[in-house]
Amino acid sequence: MEEFYNHLFKKQIEAQDMPSNTRICHWARDLFRALFPERNPKQLGSVTEVRAMFEQSQQELLDILRKSKVCNSCHNERTVKDFFDSLPELYEVMLTDAQAILEGDPAAQDLREVIRTYPGFLATSIYRMAHRLWELEVPLIPRILTEWAHERTGIDIHPGARIGKYLHIDHGTGLVIGETCIIGEHVKLYQGVTLGALSVEKGFAGKQRHPIIGDYVIIYAGATILGGETHIGHHSIIGGNVWLTSSVEPYTTVYHQPNSKFIDTKPAI
Ligand SMILES: CC(=O)OC[C@H](N)C(=O)O
């Protein structure tokens, strides 16, 4: 037992000072709340406060990057600057996602409702931040962020996926978007959709394993689309529960033919 305790204690020392997942996620959550004050329990009272909030957020990211020791040779200052320089652009893209949800969902009454309540908007916004860090080659942290959003919303978007503007996710529970997925603009996705790999052999790491989805595609609940060579042409509609491992041309509608049986169970008079 003593050997086991010694082993665990060595691990404690190694982990000392390492920012917790909670701290990393709170950094992203607070930044998201600053971008969308509708979600902020306390609004910023002046431009000075806004500026101060962003400066503090930059410092926090720098501290997280330094202390997480995920990357010894990274240029942490450069990464933080590049990330924050791209925030106005990220913000515009997040607004397109909110707009797409508002325009695509008859149940949504206004943008405020989408921003405050839609899990799809939260998951997509956190993904957008995580993806930017992924592009800046920050290890581990992007994954911690998208897994936090996954935990909160049931929506699992890998930070490596490339997704165009105006992403509309409605409901979203059980939605999976794999690492090498490429999704165009104005795409609509519903709950339980899997954009996955056809094979999960380790040797496929770094290869295009997940599908490519064209602009204006709609994929309804429970559809599974697999494989890196599977291209869904623009303006296609993939029906609920469809299982697809091959490409479809633009403007194609694919339906799953259900064989549900209808039995008359009216009591005999
Ligand atoms: C979404 C999905 O296909 O996941 C399988 C595996 N994690 C991979 O990335 O290949």
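Here is what the cut-offs are and how they apply
Residues numbered from 1 in each chain as written. Predicted model: local features only at pLDDT ≥ 70, side-chain atom pairs only at ≥ 80, totals over all residues. Heavy atoms only, no water. Axes fitted to C-alpha atoms, helices over the stretch in contact; angles between N-to-C directions. Helix = DSSP H or I, 4+ residues; strand = E, 2+ residues; numbered from the N terminus. Parallel < 35°, antiparallel > 145°, perpendicular 65-115°, else oblique. Contact = heavy atoms within 4.5 Å. Nonpolar A, V, L, I, M, F, W, Y, C, P; charged D, E, K, R; others polar. Salt bridge = Lys/Arg side-chain N within 4 Å of Asp/Glu carboxyl O. Buried < 20%, exposed > 50% of the residue type's maximum accessible area, 1.4 Å probe, protein only.

Enquirer: Looking at this structure, how should I read the packing of helix α2 (residues 21-35) against helix α8 (residues 141-153)?
Expert: Relative orientation and spacing of two packed helices are given, respectively, by the angle between their axes and the distance between those axes. Orientation of α2 relative to α8, taken along the N-to-C sense of each, is 75°, at an axis distance of 10 Å. On the basis of their axis angle, the class for α2 and α8 is roughly perpendicular. Across the interface between the two elements, Asn 21, Ile 24, Cys 25, Trp 27, Ala 28 and Arg 29 of α2 pack against Ile 141, Ile 144, Leu 145 and Trp 148 of α8. Looking at the contact of α2 with α8, its residues break down into eight nonpolar, one polar and one charged.

Enquirer: I would appreciate a short explanation of the pattern of salt bridges in the present structure.
Expert: For side chains of opposite charge, pairing can occur when their charged atoms come near one another. For the coordinates displayed, the defined rule picks out 14 salt bridges. Between Glu 147 and Arg 143 there is a salt bridge; the shortest N-O distance is 3.7 Å. In this pair, Glu 147 and Arg 143 are both assigned in helix α8, four residues apart and thus about one turn of the helix distant. The partner of Asp 264 in a salt bridge is Lys 266, and the shortest N-O contact between them spans 3.7 Å. Here the two residues Asp 264 and Lys 266 agree in accessibility, since each one is exposed. Each of Arg 23, Glu 60, Asp 63 and Lys 67 takes part in salt bridges that share partners, so that together they form one network.

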